[in-house]
Amino acid sequence: MIGSVDVYTLVLLYIGVALILAKTLGSVFEHYRLPAVLGEIIAGVFLGASFLDLFYSGVGDVFSKPEFRYPVEYMAHFGIILLLFLSGLETDVRTIKKTGFVAATSTVGGVVLPFILGYFAGVHLGYSHQASMVLGALLTATSIGVTARTMMDLGVLSTDVGTASLSASVMDDFLGIIAIIIALGATSLSSILFLIFNIFLLVFVELILGWKFIDHYVRAAEKVKTAKAILAFTIALVMIFSAFAQYTVEAAVEGAFFAGLVLRKTPEARALLRDVRALGYGFMIPIFFVHVGSLIDLKVFTQTSALYLAAVILLIAILGKVAGRAIGARVGGFSWRKSIQMGVGSIPRMEIALVAVMLAIKGGALGDPSGVVAQRFLAATMVFVTVTTLITPPLIKLAFREELKEKGKK
Amino acid sequence: MNRLKEAIQKLYKTKVSELMDRLGWDIPVIPEDDTIIHAIFMLRSNNHIWVVTNKKDMKVVGVVERVDALRALLPPETLSYAYSSTHLIAKNVFMRADARVGDIMTTPVITASEDMTLKDVMVKMHRYAIERLPVVDREGKLKGEITLKSILIALTRGYKESS
């Protein structure tokens, strides 16, 4: 009890306020052509103990009570699972296969280089092996939304650079999600062999066997004649796949993602997309992004070591991605000019980075979840997702200035 | 009321093969690599078009309805990119000038087979809120279609005959 309000009542109230604030700020950000996710995170900062404590000291104590923390954390965790499930459900494996040669080489370059640079930067700054792996994984996956929108506004989206960028984005997400396993599962170098074995086990069971038997599963679900039985069976599959992925590679989200990939094959599950989206986008997923924002301890921004980490991550995030993608695109046959343009388009990071840092914190990969390292990583991630998103539109404009000049002449 | 019930009971037992519209000039089909504008021309007089791999194999891979075209034609600034939705970007003609029918279709589709009963078809239609199913053989080859409209017409015919 706090005053005359018990904690469970407070959770309901908190979730209600969080959803309204998240969607409202999200729409404000969209109005300025920025990703709504940023608005949802900022809503979280406003609802975090660190911010609210400025006005009413004692909020932090309430928010850290297990009765308050666990339900909110659980909902946020379901949000991540649904986010990755939907992302799998919307990934057309055929489009990955159709990824053009340049798109493929540039994607691989743009994932591998930041990962390696991030890892070594982490080691160099004195972080543990696993924290450094997390740092690498954070930097891998591009969020294509801002780039697509900017390129479209400039009228260069239908050029070969724009097409290759879009084509690369699907595979890029895929590799970024795989990188999370490596970061979370590889606790030490000696465990890497064990991890590789477990990855094979996971892929065999969930992707290969899953692909084969999913139709039978859906047929069986169809025989259960009660209301929304298929939706329930679908969500059940997501949970069971997640549990198995948690057990094998310590990353439940991979199971959710694989469940999406496999279920996509069946028309029945596709027809349920509307229901799952409603549950995810309208409820659980915003809670996740608010939760991420709320965990930020604003005092961290006054520590030089945290700011230093943020600066290093930001630098590698930008240079690593641009260089990695550009080299990959050059190898794939693009001119340097176009390669750089592709590189610049791949700078923004968002969802996957946030998911990765969150899972790393909760999974203990960064030590004590409310400890110094975890807080620094969280703050640094916030800084780099925000900055990479904000600087990309002007940088794209700069990279395409020749094309835009010629357009102006016409 | 009993007359209606009897007519419905009879309808339940009917096989898809007895009522389906067989593949012919009047069933709209388009290959997945065809252009979006061609699909739009066809949608002027059709509610839907079955999308097939190619006209030789005729394997059904998806369906394009008028709402699918609508989504492709929306002003791109109204699309929400809340959570990295690459799929939405790929489905809009402003975002992808080279988009083909296969990019904007709804895929995969829920299908029916010739030996299904209309009862099962009706349950399926209701469960997934769809009015028409492509009828396919074991290999997924398009054989024709079964629509709610033809089911309702058959019902009224059966009702009249029973008087």
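In what follows, the structure referred to is the one given above.
Summarised in this report is the structure supplied together with it.

Parameters at a glance
Residues numbered from 1 in each chain as written. Chains lettered and ligands numbered in written order. Predicted model: local features only at pLDDT ≥ 70, side-chain atom pairs only at ≥ 80, totals over all residues. Heavy atoms only, no water. Salt bridge = Lys/Arg side-chain N within 4 Å of Asp/Glu carboxyl O. Helix = DSSP H or I, 4+ residues; strand = E, 2+ residues; numbered from the N terminus. Buried < 20%, exposed > 50% of the residue type's maximum accessible area, 1.4 Å probe, protein only. Pairing = 2+ DSSP bridges. Contact = heavy atoms within 4.5 Å. Buried area = accessible area lost by both parts, 1.4 Å probe. Polar contact = N/O pair within 3.5 Å; in protein donor to acceptor, adjacent residues only side chain to side chain. Nonpolar A, V, L, I, M, F, W, Y, C, P; charged D, E, K, R; others polar.

## Some details on the pattern of salt bridges
- Summed over the entire model, instances satisfying the criterion amount to 17 salt bridges over all chains.
- With its nearest N and O atoms 3.7 Å apart, the salt bridge here joins Glu222(A) to Arg219(A). With a gap of three residues between them, Glu222(A) and Arg219(A) both fall in helix α11 (residues 192-223), about one helical turn apart.
- For Asp275(A), the salt bridge identified is with Lys228(A), shortest N-O distance 2.9 Å. Taken together, the positions of Asp275(A) in helix α15 (residues 273-295) and Lys228(A) in the loop between α11 and α12 (229-249) put the pair 47 residues apart, joining distant regions of the chain.
- For Asp275(A), a relative accessible area of 27% puts it in the partly exposed group.
- Classification of Lys228(A) by relative accessible area gives exposed; the value is 52%.
- Salt bridges here are not isolated pairs; linked through shared partners, they connect Arg219(A), Glu222(A), Glu268(A) and Arg127(B).

## Structural notes on the environment of Arg71(B)
Residue and element names in this part refer to chain B.
- Within the element layout of this structure, Arg71 appears in helix α4 (residues 66-73).
- Residue classification places Arg71 among the partly exposed residues on the basis of a relative accessible area of 26%.
- C-alpha separation for the pair Arg71 and Asn92, spaced 21 residues apart in sequence, amounts to 6.7 Å.

## Quick look at the pairing of strand β5 (residues 132-136) of chain B
Residues and elements named next belong to chain B.
- Extensive coverage of β5 is indicated by the burial of five of its five residues.
- Side chains Arg132, Pro134 and Val136 of β5 all project onto a buried face; the interleaved residues Leu133 and Val135 project onto the opposite face, where all are buried too.
- Of the pairings in the sheet, the one linking β5 to strand β6 (residues 142-147) comprises five bridges and is antiparallel in character. When the bridges of β6 are listed, Leu133 appears paired with Ile146.

## A short note on the interface of chain B and chain A
- Tallying the contact residues gives 25 residues for chain B and 38 residues for chain A.
- Taken together, both faces of the contact between chain B and chain A bury some 2,600 Å²; the carbon and sulfur share is 57%.
- Where chain B packs against chain A, one counts one salt bridge.
- Arg127(B) is the salt-bridge partner of Glu222(A), the closest N and O atoms lying 3.7 Å from each other.
- The tally of links from chain B across to chain A stands at two residue pairs in polar contact (both at pLDDT 80 or more).
- At the level of elements, α5 (86-90) and α7 (118-128) of chain B are the ones that each hand at least two residues to the side of chain B that touches chain A.
- For the side of chain B that touches chain A, a count of residues per class yields 14 nonpolar, five polar and six charged.

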